[in-house]
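# Architecture at a glance
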Amino acid sequence: MESFRVVVIGGGVAGASISYHLAERGWTDVLLVDRADLTSGSTFHSAGLVGQLRSSVTLTRMMMHSVELYRRLAAETGVDPGWHEVGSLRLASSPERLQELQRLAGWGRTFGLPLEIVSTEEALDRWPLFDPTGVLGAAWLPTDGHIDPTNLTLALAEGARRRGVEVRTGTRVVGIDVERGRVCGVRTDGGPIAAEIVVNAGGMYAHQIGRLAGVEIPIVPFEHQYLLTEPIDGVGPELPTMRDPDRLIYFRGDAGGTLVAGGYERDPASWRVDDGPPPDFNHTLLREDWERFAPLADAMQGLVPAMREVGVVRMINGPEAFSPDGEFILGETDVGGFFVATGFGAHGIAGAGGVGRVIAEWIVDGEPGWDLWRMDVRRLGAQYRSRRYAEVRAREIYATNYDIHYPGQERAAGRPLKTAPTYARLAALGASFGEKAGWERANWFASNEDPRHEERRPRGWAGEHWSTAIVTEHLACRERVALFDESSFAKIEVEGPGACAFLQWVCANDIDRPVGSVVYTQLLTARGGIACDLTVARLAEDRFRLVTGTAFGGHDLGWLRTQLKDREGVILRDVTGAWGCLGLWGPRARDVLEPLTSDDLSDDGFPYLTGRELVVGHVPCWAQRITYVGELGWELYAPTEYLLTLFDTLLAAGREHGIVAAGYRAIDALRLEKGYLAWGTDITPEEDPFQAGLGFAVALDKEFLGKEALLRRREQPRPRLACLALDDERAMALGNEPVFADGRVVSRVTSAGIGYAVGRSIALCYLEDGLATPGTALEVEVFGERVGASVVEAPLYDPKGERIRS
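Definitions and cut-offs
Residues numbered from 1 in each chain as written. Predicted model: local features only at pLDDT ≥ 70, side-chain atom pairs only at ≥ 80, totals over all residues. Heavy atoms only, no water. Helix = DSSP H or I, 4+ residues; strand = E, 2+ residues; numbered from the N terminus. Rg over C-alpha atoms; globule rule 2.2 N^0.38 Å. Buried < 20%, exposed > 50% of the residue type's maximum accessible area, 1.4 Å probe, protein only. Contact = heavy atoms within 4.5 Å. Areas by Shrake-Rupley, 256 points an atom, 1.4 Å probe, with all protein chains shown as cover. Lys, Arg positive; Asp, Glu negative; His and termini not counted. Charge placed at Lys NZ, Arg CZ, Asp CG, Glu CD. Disulfide = S-S within 2.5 Å. Phe/Tyr/Trp six-rings, centres within 6.5 Å; stacked < 30°, edge-to-face > 60°. Lys NZ or Arg CZ within 6 Å of the ring centre and 35° of its normal. Patch = residues over 30% accessible without salt bridge, like charges linked within 9 Å, V, L, I, M, F, W, Y side chains within 5 Å. Salt bridge = Lys/Arg side-chain N within 4 Å of Asp/Glu carboxyl O. Axes fitted to C-alpha atoms, helices over the stretch in contact; angles between N-to-C directions. Parallel < 35°, antiparallel > 145°, perpendicular 65-115°, else oblique. Pairing = 2+ DSSP bridges. Expected span 1.5 Å × (residues − 1). Polar contact = N/O pair within 3.5 Å; in protein donor to acceptor, adjacent residues only side chain to side chain. Left-handed = near helix turned anticlockwise from the far one by under 90°. Core = buried A, V, L, I, M, F, W, Y, C linked by side-chain atoms within 4.5 Å.

Below, the discussion takes up the overall build of the chain. Assigned secondary structure in the chain consists of 18 helices and 37 strands. For 806 residues, the compact-globule estimate of 2.2 N^0.38 gives 28 Å, and the chain sits close to it at 27 Å. With the principal axes as the frame, the chain shows a C-alpha extent of 80 × 65 × 50 Å. Out of the 806 residues in the chain, the part that is buried amounts to 62%. In the chain, the share of contacts with a sequence separation of at least 24, taken over all contacts with a separation of at least 6, comes to 72%. Total accessible area computed for the chain in this model is approximately 29,100 Å², and 47% of it derives from carbon and sulfur atoms. Distance from the positive charge centre (84 side chains) to the negative charge centre (113 side chains) of the chain: 2 Å.

Turning next to the state of the cysteines. Within this structure, the stated rule accounts for 0 disulfides. We note that C765 lacks a disulfide partner, and the nearest cysteine sulfur, in C723, lies 8.9 Å from it. Given a relative accessible area of 0%, C765 falls into the buried group.

Before going further, it helps to examine the packing of aromatic side chains. Here the structure, examined in full by the defined rule, presents 25 aromatic pairs. With centroids separated by 5.3 Å and ring planes inclined at 45°, the aromatic side chains of Y384 and Y389 adopt a geometry described as tilted. Grouping residues by exposure puts Y384 and Y389 together as buried. The structure contains a cluster of three or more aromatic residues connected by ring pairs, namely F222, Y250, Y264, F322, Y398 and Y402. Seen from the ring of Y797, R478 lies directly overhead, with NZ or CZ sitting 3.7 Å from the centre.

With that settled, the discussion passes to the environment of G735. Residue position: G735 is located in the loop between β32 (720–726) and β33 (738–741). Between the C-alpha atom of G735 and that of M64, which follows or precedes it by 671 residues, the distance is 20 Å. With sequence-adjacent residues up to four places away left out, G735 is seen in contact with R103, V749 and T750.

With that settled, the discussion passes to a negative patch on the surface. A cluster of acidic residues, D591, E594, D600, D604 and E656, forms a negative patch at the surface. Turning to its location among the elements, E656 is positioned in the loop between α15 (643–654) and β31 (660–662).

Looking now at the packing of helix α2 (residues 57–77) against helix α8 (residues 348–365). The interhelical angle for the contact between α2 and α8, taken along N-to-C directions, is 95°, at an axis separation of 7 Å. Judged on the interaxial angle alone, α8 and α2 are roughly perpendicular. Residue-level contacts link M62, M63, H65, S66, L69 and Y70 of α2 to I349, A350, G351, A352, G353, G354, V355, R357 and V358 of α8.

Further remarks concern the sheet that holds strand β35 (residues 760–767). To summarise the sheet geometry, strands pair through backbone hydrogen bonds and adopt either a parallel or an antiparallel arrangement. Taken in spatial order, the 6 strands of this closed barrel run β32-β35-β34-β33-β36-β37, and their pairing is antiparallel. The mean angle between the axes of side-by-side strands here comes to 45°, regardless of whether they run parallel or antiparallel. In this structure, β33 lies alongside strand β34 (residues 744–755), joined through 4 bridges in antiparallel fashion. Residue pairing across strands places A741 opposite R744, the latter belonging to β34.

This brings us to the environment of E673. Tracing the sequence through the fold places E673 in helix α16 (residues 664–674). E673 gets classed as buried once you look at its relative accessible area, which sits at 0%. Sequence separation between E673 and V758 is 85 residues, and the spatial gap between their C-alpha atoms is 7.5 Å. When sequence neighbours within four positions are dropped, the list of residues in contact with E673 reads H474, R478, G755, Y756, A757, V758, I762, P795, L796 and Y797.

For the rest of this paragraph, the subject is helix α5 (residues 149–162). In a regular helix each residue adds 1.5 Å, so 14 residues correspond to 20 Å; α5 covers 20 Å between its end C-alpha atoms and thus fits that length. Along α5, the residues that are buried comprise P149, L152, T153, A155, L156, A157, G159 and A160. Of the surrounding secondary structure, the elements contacted by the buried residues of α5 are α1 (13–24), α2, β8 (166–168) and α8. Put simply, D148 is the residue that caps the front of α5, since its side-chain oxygen is 3.0 Å from the backbone nitrogen of T150. Phi turns positive one or two residues past the end of α5, at G164, with a value near 115°.

Attention shifts here to the pairing of strand β23 (residues 518–524). Judged by how many residues are buried, β23 sits mostly within the fold: 6 of 7 residues are covered. Where β23 lies against strand β24 (residues 530–540), 7 bridges are found, and the strand directions are antiparallel. Across the sheet, the residue bridging to V519 is V536, located in β24. Between β23 and β24, which follow one another and run antiparallel, lie 5 residues, and G528 among them has a positive phi close to 90°.

Of note, the bond from R415 into P416 is cis; its omega dihedral lies within 30 degrees of zero at -5°. Here the bond from A794 into P795 is cis, since omega is 0°, no more than 30 degrees from zero. Positionally, P795 belongs in the loop between β37 (785–792) and α18 (802–805). One non-glycine residue with positive phi stands out, namely A437, at about 55°. Here A437 is to be found in the loop between β19 (431–436) and β20 (439–445).

The next thing to look at is the packing of α1 against α5. Axis separation between α1 and α5 bottoms out at 8 Å; the angle between their running directions is 30°. Between α1 and α5, the crossing angle belongs to the class labelled roughly parallel. Handedness of the crossing formed by α1 with α5: left-handed. Counting all contacts with α1, which are made through V13, A16, S17, S19, Y20 and A23, the residues of α5 involved are L152, T153, L156, A157, G159 and A160.

With that out of the way, let us pick up the nonpolar core. Generally speaking, a soluble globular protein has its nonpolar side chains buried in company with each other. With 76 residues, the main nonpolar core has W127 and F251 as its most contacted residues. A total of 6 residues in this core trace back to one element, the largest contributor, which is helix α7 (residues 290–303). Sequence-distant contacts of F251, that is, excluding residues within four places in its chain, are made with L49, W127, T241, M242, L259, V260, A261, M300, L303, V304 and M307.

Strand order in the open sheet formed by 5 strands is β23-β24-β25-β22-β26, with antiparallel pairing between adjacent strands. Bordering the open sheet on either side are β23 and β26 (571–574), each of which pairs with just one other strand. Across the sheet, the mean angle from the axis of one strand to that of its neighbour is 30°, orientation sign disregarded. As judged from the 5 bridges shared by β24 and strand β25 (residues 543–548), these two strands associate in the antiparallel manner. Bridged to T535 within β25 is V547.

Function-wise, these values are silent; they only describe arrangement.
Right, here's the structure in full:
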């Protein structure tokens, strides 16, 4: 039997890039296979635009790596990929869009990208063919461009070949072999091939390929159309690319004066959602759909009048694979050694270089060098086994691709899906629901709205999806007591004779404590970065419950399974849906709970960071004294069949104490005020506990995963997390804004919000030691305006932690 260390399935641009980067890292025992020819799926019909500035730090880095790679490929491989670094214009045809561009300009400065806001006249100088009527300005990024998708793929494949990778076309994978939960090879129409690693880079075929290994990859093909015009004077490959997101359209020049023009329809058409592409769909396009494209064509002719005078040479309609949340789908699946790289939408060409880099790092090093949480395949829950659910979610992503997404704005498709037993009760109280990982969660309650708090509404975008109820709920928690439904929090049980030893190895803190202990800890990567951030409650000698964020359950469970490997005597279970959770917090929390139970709730009787079985009213609970808001209180875990009764019992008992039902937007403001961190924003696999101020949760007197790397990092100078207070309380950063010292960019905001009890606008960021000293004067750019800020001692609220312990 043939054997390779790695088999990459899919000869599109992603598969070629992964093969190239693996070979660059010295892994040359690699086979790249495609059922037909290279680029015969989606790659050949891509429009080829390459834009770098994206919605997340990591995705922007990936796009920037692509540009760096594309610049050198021709000289390195002898195959010209057709890279044209002509720059890009992004027009603003509304005041809101101009605000977005101003935010993007600040965001770009944190990467060193030379993005600038230019006037309409300056934009016309660079792209003279558009009608300036209604255009308010533009963003200009000179290092963007466009590339020939087919030649790019051929160049990457040639680079891989030159280093020893075998490229085999006309080879269809018909099966994937899995033994004891790990991939061991593939079966092709030419025979079986053994492999340690298999990469599914099948593009629009990725769903079908995944099922060969028993893995659900929820990509959905959507038709994407663009046209090629007859020659237009002034158009050529050196014309900058241009997007007008308010009109949902984009343009690039091509050889011979052809203008390439496409866009994103409001009524997108999915394609073969259940069956996937047919086996012989090679170098094939779909039928033109002029009726659906007509609104885009009208917008194009309105913006570029020259298009009214020329004919259309050809309409391209090709399927592209979209993910249900608009993010790439990358990483190792639940089947060990089986990796996936797909779901690029219409951005696969721009992202291909970065995708190849991070997947190669993941395979070679065991983990990627950048934080890939938003793209990690493990983020996608069991709900995406439904093709209908995946389709309706992906449809909304496509239709709103160019829309402005305001902070706190919720998507509507496929809702409601997962609800706690309290859902109807929360709705009756006026809950404004948000959604995370399919769960419906109360953001705030209309019944708590108070017009007196209107003067505290954040300025600009931060005040768009906001309510005075957030302030009411925040202050009620600080001054009296608030009740939060946290049932969506992910819960993982670890059980068995080897459970304690396993958790002692993967957790940086000491888990081997008495039954009833509750421990806050990080789980580290081999490089010492923070892979997970959670609490561990010891329920019995051999049973533990881990509680993590709603969106992180699948990721954290997958990470634990990866570390478990062949270890015996340990069982991992996701018990999220089995247990509801209510958070009762505030200075009067004990007054509410004491009459409902016979247990001693005093500081001595029920100390902080402990848990126990407790009966509340008629409801048996597991109660643990812990907080994410910085107040006295308990998390009460009850079997879901009891949750509604528990909620009603607590709400009734709390009325005389001024209790309010409160939502997640208050939680976020409360935790910022108290200096509690959020994984995925403030802490990621790129940061370690010491630089994040979490050294108190690290037990250096034991061995744990990542300890050696952590100790090395501790000795190296690196930025550490700092708290900033902005001079203007209503100037609220949203995250990723540049932070300036003496006119130079020194950091970017990780998370931010308003502390309604302390009356300050708060932002967190990482600063070098010389700048992290309290009192240091800085500036934060909020929508193009620099707002004064100063480093302050954290936390701003209850710095000694007296309120949570008494």
